[in-house]
Amino acid sequence: MPTTPRVLVLHGPNLNLLGARQPEIYGAATLDDVNSLLLEKAVSAGWEIDCLQSNHEGVLIDAIHAARLDGTLAIIINPAAYTHTSVAILDALNAFDGRVIEVHISNVHKRESFRHHSYISLRADGVIAGLGIQGYLAALEAIIRTDKK
Ligand code: CA2
């Protein structure tokens, strides 16, 4: 009997504030809104989905390690500010064999120069930036269409 394919969605620090502050940059949707849309799309395609937000680097790394071992096929990650600082998250993703898609709500390339470099992009199979929360749904669509069940 084939197992249900699984995708993990990781949201980095401060993304719990989505919808509450800086709507001109990040939009009006909350993180619960994003996760509900992802859940609806995943379930209708026959996928399992886990969504986790953490303000702590180690919690995100532990979740990536768990995904290595539990059959997760793909990770969608918005590492938030850790994008620009975290060799540790890059190393964890390098130990994960499935697909990795990096998502940014804002177009980081239109913003301050320190946001132009991503450690995570050294590992990501795809990168989406500047599409607002639609970027998460585009990432999930790509995974559903291309990752074999
Ligand atoms: O554009 C993105 O998705 C970012 O990953 C968001 C990060 C930022 O550090 C990256 O450079 C780009 C910031 C996440 C903070 O999110 C907030 C949302 C609402 C209010 C305050 C912070």
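Since the structure is predicted, the reported quantities are computational estimates derived from the model, not experimental observations.

About the cut-offs
- Residues numbered from 1 in each chain as written.
- Predicted model: local features only at pLDDT ≥ 70, side-chain atom pairs only at ≥ 80, totals over all residues.
- Heavy atoms only, no water.
- Salt bridge = Lys/Arg side-chain N within 4 Å of Asp/Glu carboxyl O.
- Axes fitted to C-alpha atoms, helices over the stretch in contact; angles between N-to-C directions.
- Helix = DSSP H or I, 4+ residues; strand = E, 2+ residues; numbered from the N terminus.
- Parallel < 35°, antiparallel > 145°, perpendicular 65-115°, else oblique.
- Contact = heavy atoms within 4.5 Å.
- Nonpolar A, V, L, I, M, F, W, Y, C, P; charged D, E, K, R; others polar.
- Buried < 20%, exposed > 50% of the residue type's maximum accessible area, 1.4 Å probe, protein only.
- Polar contact = N/O pair within 3.5 Å; in protein donor to acceptor, adjacent residues only side chain to side chain.

A. Region of the structure containing the pattern of salt bridges. What the rule picks out here adds up to seven salt bridges. In this structure, a network of salt bridges that share partners links the residues Arg-6, Glu-48 and Asp-70.

B. Structural view of the packing of helix α3 (residues 57-69) against helix α4 (residues 87-94). As a packed pair, α3 and α4 sit with axes 9 Å apart at the nearest point and diverge in direction by 5 degrees. For the element pair α3 / α4, the angle class is roughly parallel. When α3 is examined against α4, the residues Glu-57, Leu-60, Ile-61, Ile-64 and His-65 are found in contact with a partner set consisting of Ala-88, Ile-89, Ala-92 and Leu-93. Considered class by class, the residues forming the contact of α3 with α4 number seven nonpolar, one polar and one charged.

C. Geometry of the side chain of His-84. Take His-84: it is sitting in the loop between β3 (74-78) and α4. Residue class for His-84 comes out buried when judged on its relative accessible area of 16%. At 2.9 Å, the side chain of His-84 and the backbone oxygen of His-117 are in polar contact. In this view, His-84 contacts Val-108, Phe-114, Arg-115, His-117 and Tyr-119; residues no more than four positions away in its chain are not counted.

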